[in-house]
Amino acid sequence: MKNRKMHIAAVCIILIGALMITGAAVTKYKFTSSSGETVSQYINRVNINVSATEFTFSRADENGMLECRTTVSIGKTEPDFYGMLHSITIGGTETGSVIYTAGKDNGDATLPEEVILPVNEEGAYPLTWEIAFSIPYEDGKTTYEATLDFNYTTGVKTNLTQRYMTSIPVTVTVK
């Protein structure tokens, strides 16, 4: 009886170890990514920041998804300016899912859609979102060129505005 319990315990330990090693191997080799350059642009009375614009995957499974994650922010360059963000979208390539997670100081601006760029007693401050998006992997394709497209309106005053589209290039590479 004692040997049987020890045998069962040994088999359980071996199985758990094998599952842990298999899980680590799948996690390590399915989609290993690193993100590259930070982009900051002062343009059309706004400051746009993107934390990562380059993603490199060491390997991808056929019919898999390339999962990317970046943080973006947009704010007015001066508190007296008018600014409204209409949308932030992914362009240039097919995407699977796109998930926006609002920054802690965004208040009611949970999505980057039709949001007035805010000010407080200290001045203008940016709205921030983490964007998680996936690109369907095409077997044999090594480079995907995408864009983060910021659609916004700004002006010196509310009645003196123009609508703009600023695109930040994003490169996804599979080695």
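The present account deals with the structure reproduced in this document. None of these values were measured; they are calculated from a predicted model.

The next subject is the overall build of the protein. When helices and strands are tallied, the protein shows 1 helix and 13 strands. If you list the helices and strands of the protein from N to C, you get α-β-β-β-β-β-β-β-β-β-β-β-β-β. Looking at the protein as a whole, 35% of its 175 residues are labelled buried. The contacts of the protein with a sequence gap of at least 6 include a subset with a gap of at least 24, amounting to 69%. When the accessible surface of the protein is totalled, it reaches about 10,400 Å², and 54% of it is carbon and sulfur.

The subject of this paragraph is the pairing of strand β12 (residues 143–157). Where strand β6 (residues 82–91) lies against β12, 9 bridges are found, and the strand directions are antiparallel. Pairing of methionine 84 across the sheet is with threonine 153, part of β12. Relative to strand β13 (residues 160–174), β12 runs antiparallel, the two being bridged by 14 bridges. Bridging across to β13, aspartate 149 finds its partner in serine 167. Here β12 folds back onto β13 in antiparallel fashion, the turn holding 2 residues.

Turning to the packing of aromatic side chains, a few remarks are in order. For the coordinates displayed, the defined rule picks out 2 aromatic pairs. With centroids separated by 6.1 Å and ring planes inclined at 90°, the aromatic side chains of phenylalanine 55 and phenylalanine 133 adopt a geometry described as edge-to-face. Here phenylalanine 55, found in strand β4 (residues 54–57), pairs with phenylalanine 133, found in strand β11 (residues 127–136); they are 78 residues apart in sequence, far enough to count as distant.

One open sheet accounts for 5 strands, arranged β2-β3-β5-β11-β7; its pairing is antiparallel. The sheet is open, and its two borders are formed by β2 (39–43) and β7 (98–102), each paired with just one other strand. Shown here is a sheet whose adjacent strand axes are inclined to one another by a mean of 20°, direction ignored. In this sheet, strand β5 (residues 65–76) lies alongside strand β3 (residues 46–50) in antiparallel orientation, the contact comprising 5 bridges.

The next point concerns the side chain of lysine 76. Note that lysine 76 resides in strand β5. One buried charged residue, lysine 76, remains without a salt bridge, the closest side chain of opposite sign being aspartate 80 at 7.5 Å. Here the side chain of lysine 76 touches proline 79 through a polar contact of 3.3 Å, landing on its backbone oxygen. Of note is the side chain of lysine 76, whose polar atom sits 2.8 Å from the backbone oxygen of phenylalanine 81.

Within the chain, asparagine 44 stands out as a residue other than glycine whose phi angle is a positive 50°. Looking at the element boundaries, asparagine 44 is found in the loop between β2 and β3. Looking at asparagine 44, the relative accessible area reads 26%, which means it is partly exposed.

For the rest of this paragraph, the subject is the pairing of β4. Side chains Phe55 and Phe57 of β4 all project onto a buried face; the interleaved residues Glu54 and Thr56 project onto a face where none is buried. Relative to β13, β4 runs parallel, the two being bridged by 4 bridges. Looking at the pairing, phenylalanine 57 lines up with valine 174 of β13.

Judged by nonpolar contacts, the single largest core of 34 residues is most densely connected at Leu66, Ile74, Leu148, Phe150 and Val172. Breaking this core down by element, the ones donating at least two residues are β3, β4, β5, β6, β11, β12 and β13.

Rules of the game
- Residues numbered from 1 in each chain as written.
- Predicted model: local features only at pLDDT ≥ 70, side-chain atom pairs only at ≥ 80, totals over all residues.
- Heavy atoms only, no water.
- Helix = DSSP H or I, 4+ residues; strand = E, 2+ residues; numbered from the N terminus.
- Buried < 20%, exposed > 50% of the residue type's maximum accessible area, 1.4 Å probe, protein only.
- Contact = heavy atoms within 4.5 Å.
- Areas by Shrake-Rupley, 256 points an atom, 1.4 Å probe, with all protein chains shown as cover.
- Pairing = 2+ DSSP bridges.
- Phe/Tyr/Trp six-rings, centres within 6.5 Å; stacked < 30°, edge-to-face > 60°.
- Axes fitted to C-alpha atoms, helices over the stretch in contact; angles between N-to-C directions.
- Lys, Arg positive; Asp, Glu negative; His and termini not counted.
- Salt bridge = Lys/Arg side-chain N within 4 Å of Asp/Glu carboxyl O.
- Polar contact = N/O pair within 3.5 Å; in protein donor to acceptor, adjacent residues only side chain to side chain.
- Core = buried A, V, L, I, M, F, W, Y, C linked by side-chain atoms within 4.5 Å.

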